[in-house]
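# Survey of secondary and tertiary structure
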Amino acid sequence: MEKLYKEEIKELTNLLNEERTDLKEQLEKTGISTDNALLAGYQENEDGEETGILYTDDMLIRFTATMERICVQRVSTEEVKEEFPQVMALKHLL
């Protein structure tokens, strides 16, 4: 399972860097560095609200974004491992 999580993190990170520049720009406007970030989890609901976990600068950041706003919050692995089990694979990617 961990191998799948590592692959998912790599794919999500590529998506953020290559296709989702709008989301990347929103994150950067909050002061979050995305240069060496890993997108460790991502979900979009039926209303278009995006939620995800970004690992950057030795921090886990949970974000919730819509077209109008973005909210970011520093979180721990323990807080998000149920919703985003991929975070458990981060230690093997660093």
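Provided above is the structure to which this section pertains.
Residues numbered from 1 in each chain as written. Predicted model: local features only at pLDDT ≥ 70, side-chain atom pairs only at ≥ 80, totals over all residues. Heavy atoms only, no water.

### So, helix α2 (residues 21-29)
- Among all positions in α2, only L23, K24, Q26 and L27 are buried. Looking down the long axis of α2, one finds its buried residues gathered within 160 degrees of arc, a one-sided arrangement.
- Buried residues in α2 make contact with α1 (2-18), β1 (38-44), β2 (50-56), β3 (59-65) and β4 (70-75).
- After α2 finishes, the residue G31 shows a positive phi value of roughly 95 degrees. (Buried < 20%, exposed > 50% of the residue type's maximum accessible area, 1.4 Å probe, protein only. Helix = DSSP H or I, 4+ residues; strand = E, 2+ residues; numbered from the N terminus. Arc of directions from axis to C-beta. Contact = heavy atoms within 4.5 Å.)

### Here we look at α1
- The end-to-end C-alpha distance of α1 is 24 Å, a good match for the 24 Å that 17 residues give at a rise of 1.5 Å each.
- Every buried residue of α1 is listed here: Y5, I9, L12, T13 and L16. Considered in projection along α1, the buried side chains sweep an arc of 100 degrees and stay on one side of the axis. Projecting away from the buried face of α1 at angles above 90 degrees are the exposed residues K3, L4, E11 and E18. (Expected span 1.5 Å × (residues − 1).)

### Considering a negative patch on the surface
- Where like charges cluster on the molecular surface, the negative patch consists of E25, E28, D35, D57 and D58.
- For D57, the position within the fold is in the loop between β2 and β3.
- D57 gets classed as exposed once you look at its relative accessible area, which sits at 54%. (Patch = residues over 30% accessible without salt bridge, like charges linked within 9 Å, V, L, I, M, F, W, Y side chains within 5 Å. Areas by Shrake-Rupley, 256 points an atom, 1.4 Å probe, with all protein chains shown as cover. Salt bridge = Lys/Arg side-chain N within 4 Å of Asp/Glu carboxyl O. Lys, Arg positive; Asp, Glu negative; His and termini not counted. Charge placed at Lys NZ, Arg CZ, Asp CG, Glu CD.)

### Some words on the pairing of β2
- Burial analysis of β2 places 7 of its 7 residues in the buried class, the great majority of the element.
- In β2, alternate side chains face the same way, and those of E50, G52, L54 and T56 on one face and T51, I53 and Y55 on the other are all buried.
- Hairpin connection between β1 and β2: a loop of 5 residues separates the two successive antiparallel strands, and G48 in this loop has a positive phi of roughly 90 degrees.
- Two strands pair when backbone bridges link them, and β2 and β3 are joined in this way by 7 bridges, in the antiparallel orientation. Within β3, the position partnered with T56 by the bridge is M59. (Pairing = 2+ DSSP bridges.)

### Details of the sheet that holds β4
- Within the open sheet, the 4 strands sit side by side as β1-β2-β3-β4. Their pairing is antiparallel. A single partner strand is all that each edge strand has here, and the edge strands are β1 and β4. When strand polarity is set aside, the average angle formed by the axes of neighbouring strands in this sheet is 20 degrees.
- Taken together, the 6 bridges between β1 and β2 define a ladder with antiparallel strand orientation. Bridging across to β2, E44 finds its partner in E50.
- Along the sheet, α1 makes contact with β1 and β2, crossing β1 at roughly 80 degrees. (Axes fitted to C-alpha atoms, helices over the stretch in contact; angles between N-to-C directions.)

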